[in-house]
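# Descriptive analysis of the structure
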Amino acid sequence: MWYGQKVERDLSRWQAAGWISDTGATAIRADLASRKPPFGAAAILAMLGAVLFGFAIMSFVAANWDAMSKLSRLLLLLATLWACYGGAAWLFQRQLPMFAQAAVLGGIAVYGASIMLISQMYHMEGSPPDAVLLWALGALLAAVLVPSTAALAATFVLLVTWTWWERALSNSAHFGFLVPWVATAALAAWMRWRPGLHLAAISLIAWLVPLGFFILGRHAHWLVALIGGLLAAAVVAGGPAIDRRARISAATFAYAIVIAYAALFIMQFVDSRWFFGTAPGGSLGRLILLAAISIVGLLGAMLWALKTDNTAALWLAYAGFAVEVFMLHVMTIGTLLNTSLFFLISALIVSAFAYAAYRLHQRRAVTPGVAS
Amino acid sequence: MIPFLKNRIVLTLVIVALAQTGVLAGMVVDRVRLLKTGREITLPIVPVDPRDLFRGEYVRLGYDISRIPVNLLDGPLPKPNAAFYVTLERKGDGAWLPIKLTSKRVEESSPDRIVLKGRAMFGRLQETPSTPTAAHMVKYGIESYFVREGQGPRLEALARDKKLAARIAVDSGGNAAIKGLLVDGVVQYEEPLF
C-alpha cells in the first residue's frame, strides 16, 4: 500500500478523535496530493508496453529469421538496439523519465539477445557465463552513464546469473564476482537509490550463502554463519553510530539474520552428513548444539527486532524459527527423539519467548506519551 | 560538435549504444577474421549419443578429438573452467590426431601440427582418472551447428553413417570455428561470412 493511503486511513481516525483540526487535516491531504507515488499506473503500463513490443518484434524475427541473410539479421539487431536508445533519448527530452527508463531496459534486453543470436549465427560456444558477464557489463555502462535505476537492477540480476553459472561449471568460490559487485553496489549508493541497495544486499547474499560449499574443504558454512552473526552483532553494538552515517542498520540486521540462519540451516539439514557423520550416536549431540545455537540466535534476533521496531527482521526471524522447528520435527520423528518430548521442549521455548515479548511490550506500553 | 549531441542525455545514450554496438561488432569481426584467415583442417564427425544428436534447430557434432586419452596430459592439470590447449598432428592418411594436452599454449611451427584451444566439456577435467584408458572430454567451440528447420534428421543420419566431416578454421590463438560441413568429402553446407 502506498504511504498516502495509509496516512489517509489514520487521518480520518485522528480527525474524529479531535487530535487534528479540520484545517490541519486539509493541509496534510493537500501536501499528500502534491507528492505523487513513485510508480504510477502509466509507468507500469509503459514497462508492460515495452515488454509486449519486445515480444512482437521477437516473434516477427523468429518467423522470418531463416529467410534473412546474416548481414540483414545483424543490421536488424543493431537497428533495434539503436531504436531503443534513440527512443529513450527522445522520451527523456519529452520529460517522460519512466518511459525512457523502460526504453533503456529494452535496449539492454536487445543487447543481450544480440550477443546470443550472434553466437548462434556464427556457431560460437566458448564459456556461456562469459557471455552473461559481457551482457552485465553493457547494462552497468548504461546504468552509470544515463544514470538508470532500471539498468542497475538488471545488472545485479545478470551478475548473480553469471556467478551461479560460473560456479556450476568451475566448482570454485568465484571471488571474481566481488569486483563488478562492488562497482555496481557503489553505483547504487552514489545514486542514493534505496531499492538498489537492497538489490546489492540480496545479490551479495546469493553469492555468500553458498560460499561454504566452495572454500576450506567445501564445508565452511560455519564461516558464513559467523559472518552473519558478526554482522548482526555489529548492528547491535553500533546501530545508532551506523545510522548517523547512513540509515542502513535496520536492513543490515535483517540481512544478517538471513545470512547466519541460511548457513546454520545448511549445516544442520543440507550438509548434515558431513557435520554429524553417519554414526547415530555421535551425531545427536552436535545437531542439538547447532539447533540450540539457531534457536537462541533467532530468539535473540526477535527480541532485538522488537526492541528496535524492526518489522522486517522480526518477520524473518519468526520465519527462520518456524522453519527450524519444522525441520527438527521432520528430522527427529521416531528416530532421535521422542516426538512428544520434542514438542514439549519447543512449546517451553516458545512460551518463554512469548512471555519475554509480553514483558517487553508491556514495558513499552507504560512509557509516558504512548499510553492513552 | 553536432548540436544534437550537446544534450547530455542524448550524448550518454549515444555512447551506450556505440559501446554495445562495438562489442557486438567486435564479436562478428573477430569471428569473420578467424573464418577468413584461420588455417583449415578437416575433422571427421563421429556420432554422439544418438538420442541427443538433433535438438531443436541445431545438431551436436562429435569428433575423435573430443576424447583425449588421459595419458596425453603434459604438465599440470588445467584449472576448472579455464581454457587449455590440445596439439594435433597430421598422420600419413591425412587424419588429425591429438598428441598432447597442455595448460599453456605451445608454439608449433610444423605444418603437420596445429594447436586448438579447448575447454572441459563438463566444467573440469577428471583429477583422478579411473583407468589408464580413460579420456578427458573436451569441447572446442565447434560442437554445435545451427541448421534450418528440417535439416537436422538428415545430418543426424549422415553422422551415424560416418559420412560427415567438418571444415574447421583455426587461428594462431587456437580458436576454432566451423567453416562448413562436408558430406562424403564434398562441401555441402558452407558458412557465408555475413
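Small disclaimer: the values here were computed from a predicted structure and weren't measured. (Residues numbered from 1 in each chain as written. Chains lettered and ligands numbered in written order. Predicted model: local features only at pLDDT ≥ 70, side-chain atom pairs only at ≥ 80, totals over all residues. Heavy atoms only, no water.)

## A short note on the overall build of chain B
What counts, and what does not: Segments assigned H or I by DSSP are reported as helices when at least four residues long, segments assigned E as strands when at least two residues long, and all are numbered from the N terminus. When accessible area is computed with a 1.4 Å probe and restricted to protein chains, residues below 20% of their type maximum are described as buried, those above 50% as exposed, and intermediate ones as partly exposed. A contact between two residues is defined here by any heavy atoms of the two lying within 4.5 Å.
Helix and strand counts for chain B come out as two helices and 13 strands. Considering chain B as a whole, with its 194 residues, one finds that 45% of them fall into the buried category. The long-range share in chain B, meaning contacts at least 24 apart out of those at least 6 apart in sequence, stands at 61%.

## Considerations on the confidence of the model for chain A
In low-pLDDT regions, the fine details of the predicted coordinates are not to be read closely. Put simply, the rule is: pLDDT is a per-residue confidence score from the predictor, ranging from 0 to 100.
On average, chain A scores 81 in pLDDT, and the residues at 70 or more come to 85%. Confidence, read as mean pLDDT per element, is least for helix H12 (residues 272–276) of chain A in chain A (63) and greatest for helix H8 (residues 178–190) of chain A (92).

## Considerations on the packing of helix H4 (residues 70–93) of chain A against helix H1 (residues 8–37) of chain B
As a reminder, the rule being used: Axis angles are defined between N-to-C directions and span 0 to 180 degrees, where every axis is a line fitted to C-alpha atoms and, for a helix, only to the segment in contact. An angle counts as roughly parallel when it lies under 35 degrees, as roughly antiparallel when it exceeds 145, as roughly perpendicular when it falls between 65 and 115, and as oblique in every other case. Here a crossing is taken to be left-handed if its near helix is turned anticlockwise relative to the far helix by less than a right angle, and right-handed if that turn runs clockwise. Under the scheme applied, nonpolar residues are Ala, Val, Leu, Ile, Met, Phe, Trp, Tyr, Cys and Pro; charged residues are Asp, Glu, Lys and Arg; polar residues are all the others, including Gly.
Packing of H4 of chain A against H1 of chain B leaves a shortest axis separation of 9 Å and a crossing angle of 165 degrees. Classed by the angle they form, the pair H4 of chain A and H1 of chain B counts as roughly antiparallel. As for the relative orientation of H4 of chain A and H1 of chain B, their crossing is right-handed in sense. Residues Leu74, Leu78, Leu81, Trp82, Tyr85, Ala88, Ala89, Phe92 and Gln93 of chain A of H4 of chain A touch H1 of chain B, and the partners they reach there are Ile9, Val10, Leu13, Val14, Val16, Ala17, Leu18, Gln20, Thr21, Leu24 and Val28 of chain B. The residue inventory of the contact of H4 of chain A with H1 of chain B, partitioned by class, reads 17 nonpolar, three polar and no charged.

## Focus on the pattern of salt bridges
Residue and element names in this part refer to chain B. What counts here: Counted as salt bridges are all cases of a side-chain nitrogen of Lys or Arg within 4 Å of a carboxyl oxygen of Asp or Glu.
Enumeration according to the criterion identifies 13 salt bridges over all chains in this entry. Here Glu89 ties to Lys91 by a salt bridge, and the two come within 3.0 Å at their closest N and O atoms. Each member of the salt-bridge network shares a partner with another, and the members are Glu89, Lys91, Lys100, Glu108 and Arg113.

## Concerning the packing of aromatic side chains
The description of two aromatic rings rests on the distance between their centres and on the angle between their planes. Stated formally: Ring geometry is summarised as follows: Phe, Tyr and Trp rings, the Trp one being its six-membered ring, pair when their centres sit within 6.5 Å, and such pairs are stacked at plane angles under 30 degrees, edge-to-face over 60 and tilted between the two.
With the rule as written, the count across this model stands at five aromatic pairs over all chains. Cluster of aromatic residues (ring-pair linked, three or more members): Phe175, Phe177 and Trp207 of chain A.

## Things to note about unusual backbone geometry
Residue and element names in this part refer to chain A. The omega torsion across Val146 and Pro147 is -20 degrees, close enough to zero to call that bond cis. With respect to the helices, strands and loops of the structure, Pro147 is situated in the loop between helix H6 (128–145) and helix H7 (149–170). Within the chain, His174 stands out as a residue other than glycine whose phi angle is a positive 60 degrees. Relative to the helices and strands, His174 resides in the loop between H7 and H8. Of note, Arg192 is a non-glycine position whose phi angle comes to about 55 degrees, a positive value. Look at Arg192 and you get exposed, because its relative accessible area is 76%.

## Overview of the environment of Ala89 of chain A
Take Ala89 of chain A: it is sitting in helix H4. Among the residues examined, Ala89 of chain A registers a relative accessible area of 8% and is labelled buried. It is 7.0 Å that separates the C-alpha atoms of Ala89 of chain A and Ala100 of chain A, two residues lying 11 residues apart in sequence. Residue contacts for Ala89 of chain A: discarding those within four places in its chain leaves Val10 and Leu13 of chain B.

## A few points about the interface of chain A and chain B
How we decide: Accessible area that two parts lose when put together, with a 1.4 Å probe and added across both, is what the buried area reports.
Each partner contributes to the interface: chain A provides 41 residues, whereas chain B provides 42 residues. Carbon and sulfur atoms make up 65% of the surface buried where chain A meets chain B, a total of about 3,500 Å² over both sides. Contact with chain B buries surface across chain A, with Tyr122, His123 and Glu125 of chain A losing the most and accounting together for 20% of the total. The interface formed by chain A and chain B includes one salt bridge. In this structure, Asp130 of chain A engages Arg119 of chain B in a salt bridge whose closest nitrogen and oxygen atoms are separated by 3.9 Å.

## Some words on the environment of Val235 of chain A
Residue and element names in this part refer to chain A. Considering the arrangement of structural elements, one finds Val235 in helix H10 (residues 221–245). Exposure remark for Val235: the relative accessible area of 4% places this residue in the buried category. Spatially, the C-alpha atoms of Val235 and Ala188 are 21 Å apart, while their sequence positions differ by 47 residues. Apart from residues no more than four positions distant in its own chain, Val235 is found in contact with Ile242, Ser249, Thr252 and Phe253.

## Description of the side chain of Gln20 of chain B
Our working rule: Definition of a polar contact: a pair of N or O atoms within 3.5 Å, with one able to donate and the other able to accept a hydrogen when the atoms are protein atoms, and with sequence-neighbouring residues admitted only if both atoms are side-chain atoms.
In this structure, Gln20 of chain B sits in helix H1. For Gln20 of chain B, a relative accessible area of 1% corresponds to the buried category. Here the side chain of Gln20 of chain B touches Gly138 of chain A through a polar contact of 3.1 Å, landing on its backbone oxygen.

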